[in-house]
Structure formats: C-alpha cells, structure tokens
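# Commentary on secondary and tertiary structure
Okay, here's what each chain looks like letter by letter:
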Amino acid sequence: MLDRRRFLAVGMAGLAGLVTWRLIRSSDEDAIIAVLKKRLDYLILDENGLRVFARDLVAQQIISSHKLRMLDIAEPVYTRLSLAAHGNVLTRAIRHGEERIVTQYLLSSDFFQNGADETREVHYYRYYDPARTPRPCGTPFARSIMS
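### Some words on the side chain of S108
Structurally, the position occupied by S108 is in helix α6 (residues 89-108). Classification of S108 by relative accessible area gives buried; the value is 1%. Within the local environment of S108, its side chain forms a polar contact with the backbone oxygen of Q104, the two atoms lying 2.7 Å apart. Contacts of S108, omitting those with residues within four sequence positions, involve F53, Y124, Y125, R126, Y127 and Y128.

### Focus: helix α3 (residues 47-60)
Its 14 residues give α3 an end-to-end C-alpha distance of 20 Å, which sits within 8% of 20 Å, the value for a rise of 1.5 Å per residue. Those residues of α3 that sit buried are G49, L50, F53, A54 and L57. Looking down the long axis of α3, one finds its buried residues gathered within 135 degrees of arc, a one-sided arrangement. The exposed residues of α3 that point more than 90 degrees off its buried face are N48 and A59. Positioned one or two residues after α3, Q61 has a phi angle of 55 degrees, which is positive.

About the criteria used
- Residues numbered from 1 in each chain as written.
- Predicted model: local features only at pLDDT ≥ 70, side-chain atom pairs only at ≥ 80, totals over all residues.
- Heavy atoms only, no water.
- Helix = DSSP H or I, 4+ residues; strand = E, 2+ residues; numbered from the N terminus.
- Buried < 20%, exposed > 50% of the residue type's maximum accessible area, 1.4 Å probe, protein only.
- Polar contact = N/O pair within 3.5 Å; in protein donor to acceptor, adjacent residues only side chain to side chain.
- Contact = heavy atoms within 4.5 Å.
- Expected span 1.5 Å × (residues − 1).
- Arc of directions from axis to C-beta.

So yeah, pure geometry; function would need other evidence.
Here you go:
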C-alpha cells in the first residue's frame, strides 16, 4: 500500500512539474503558430511569416492571452486531437478561436491574391485590418487584372 502511494505521489509531482515547465515556456505566439500549422497543414507556410503574423496578432490583443497560453500548454495533446464541428461547448469555443486566427492569417497573406493556389508557399504580407486599409481597394480578394 505504501509503494502505491509513493508511486502516485511521485507521478503527481512529475505531472505538476511538467505542467509548470510548459507554463513557464508557453507563449501566445507559439499557440497561434500551432493553430495555423494544425488547421493549414495542407498549405506550405513561410515559417518567418508565421512568427511575424503571430507577433502582430498578439499586439492587437483581440484574443485572450490566458486562452492562448492554455492552448500552448496543451499543444502536444491539442495538435493530435480532431475536434468535431458540432461538439460540446469547449470544442465549439476552440474551433471558433481557430477560425478567427486562420481567417485573419489568410486575409493578411498573399494566399487569395495568388488565386488561393494551394501549391504555392503562403507568405504573410501585413496584418489585415479593413478599418485601417491604406488604399480604397485594399481587400485581399482584389487581384490585379494586368498581366
């Protein structure tokens, strides 16, 4: 009986240490990159662009830092899970957050300007904010008609 208790105590201490270590190492940017790599695994994504986008998105403060940190802590499990589209409240909330990040990234990249070509590498252009677009036709869906 004592050996079982000792085993459980050591196991719990180890788990607490692992969670603490992941908490210390966690970052908002890493969580955003994990979401993009998971949801856009069929695209070729520019690594440097991912980092710059993640930094720009965090600077906007539109997604809670606490939520992003928790996602980064759970990253080894999160990246292996397949979330059902019509799951429980938690899975719907996670999917909603994923959709926000992915949509913002794709609008901020050259993906649509290149005709949504999945064979081309996707490069981050600049953070897309329709309220602060410098030119009247700054939509990422606008493609040049000149050859």
